[in-house]
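What the coordinates show
If you want the building blocks of each chain, they are given just below.
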Amino acid sequence: MKIDYDDMDLSIIKEAAQIIRNGGIVAFPTETVYGLGANALDQESVKKIYLAKGRPSDNPLIVHISSIEELYPLVESIKLKAKILMDLFWPGPLTLIFPKSKIIPDSITAGLSTVAVRMPDNKIARELIKYSGVPIAAPSANISGSPSPTKAEHVIKDLNGKIDMILDGGSVRVGLESTVLDVTRDTPVILRPGGITKEMLEKAIGEVLIDSAIISEKEFVDTPMAPGMKYKHYSPKAKLVIVEGEINKVIEKINSLAKENKEQKLKVGIMATEQTRENYQADLILSVGDRDKAETIAAKLFDTLRAFDEAGIDIIFSESFSYEEIGFAIMNRLKKAAGYNILRV
Ligand code: TXA
Ligand code: MG
């Protein structure tokens, strides 16, 4: 496997594009998380993605494009609301679901009649797509179930030796996967919350619903509309427990849980924030960001979860964060990572 660090060198991007054209798989940065890409129009290439990630084949992939023109051959129709959102939010962390055209192989959509498409807001990603000359199917470039990769190092850790190339574009900007929105219905439905929030969408197109599977707080939902939402996700190897409530009570509870677990000879980690980190005692205390700037928490969430594993922590206690705006997506990922193991104080 080849790893390149000079992300802005066009010759490297062209080399990666050649690999995609030849049926290989390449990890690349987007503004949300790193993706693992293959030629979306080639069934055999797409199969390699599922194999490398250990991804269940009933979980469909997002197709990435670099310009609006590339969308038309992929879909049967585009509703007015979708057009408005594309104008406003593409390139950016918004994936839209369309009725698929015949050129989309079934392995991408897991047999669904719809296809998920997005245009990433990252220059390396868009140049890779452009020079490949084909749309690129890409899930997050992690082993299925582990926290999504927000740095090339995370991809190396999970997929070294299993893929053909990694384009290293440094740390990603957003840190959580894109918002997935089903725009095939009259009232669009959020299937996965992300950086483009319900409020932002509603301001543009009026009422937007949230898939009940996101709200129901169950680890396993049989038939969520985004098939990927039913699997255990984003999980560190360590056990993760969220403590929710008024912040002073949360600190007190986490400290007493840390002490109890320490007495049981477990290595204890605490996921704190800039505002609270000084208040804890444990083997490893990491700040995930600034409580008053949710985007800093989004950007560091997966990296921090991975850091506890790197340090060999057995159990992590995490504070809970605001549900406002991108906080809704943060809490969605954190709860899934914890397997809905939440203590309310
Ligand atoms: O930000 C992102 O979206 C990243 C970067 C790499 O673009 N990609 C990503 O892909 O998160 P992945 O495969 O980890 O998640 C794709 C999600 C899954 O929940 C999947 O079930 C859903 O999108 N999805 C894909 N196609 C769908 C479809 N036709 N209908 C409903 N949900 C779909
Ligand atoms: Mg993923």
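Summary of the structure given here.

What counts and what doesn't
Residues numbered from 1 in each chain as written. Chains lettered and ligands numbered in written order. Predicted model: local features only at pLDDT ≥ 70, side-chain atom pairs only at ≥ 80, totals over all residues. Heavy atoms only, no water. Pairing = 2+ DSSP bridges. Helix = DSSP H or I, 4+ residues; strand = E, 2+ residues; numbered from the N terminus. Axes fitted to C-alpha atoms, helices over the stretch in contact; angles between N-to-C directions. Contact = heavy atoms within 4.5 Å. Salt bridge = Lys/Arg side-chain N within 4 Å of Asp/Glu carboxyl O. Buried < 20%, exposed > 50% of the residue type's maximum accessible area, 1.4 Å probe, protein only.

1. Side note on the sheet that holds strand β13 (residues 268-272)
If you trace the five strands from one edge of the open sheet to the other, you get β14-β13-β15-β12-β16, paired in parallel fashion. Each of the sheet's edge strands pairs with one partner strand only, and the pair in question is β14 (284-287) and β16 (342-344). Adjacent strand axes in the sheet meet at a mean angle of 20°, parallel and antiparallel pairs treated alike. Of the pairings in the sheet, the one linking strand β12 (residues 239-244) to β16 comprises three bridges and is parallel in character. Looking at the pairing, Glu244 lines up with Arg344 of β16. Taken strand by strand, helix α11 (residues 327-337) contacts β12, β13, β15 (315-319) and β16, and its axis lies near 135° from that of β12.

2. So, the pattern of salt bridges
Throughout the structure, instances matching the rule amount to 17 salt bridges. Of the charged contacts in the structure, one is a salt bridge between Arg185 and Asp182, with a shortest N-O distance of 2.9 Å. As a salt-bridge pair, Glu202 and Lys198 come within 3.4 Å of each other at their nearest N and O atoms. Highlighted residues: Glu202 and Lys198, both in helix α7 (residues 198-205), separated by four residues, approximately one helical turn.

3. Quick word on unusual backbone geometry
A cis amide bond, omega -5°, links Trp90 with the succeeding residue Pro91. The residue Ala110 is not glycine, and still its phi comes out positive at about 55°. On the secondary structure map, Ala110 appears in the loop between α4 (106-109) and β6 (114-118). Take Ala110: its relative accessible area is 29%, and that puts it in the partly exposed class. Unlike most non-glycine residues, Lys265 shows phi in positive territory, near 70°. Considering the arrangement of structural elements, one finds Lys265 in the loop between α9 (247-263) and β13. Owing to a relative accessible area of 74%, Lys265 belongs among the exposed residues under this scheme.

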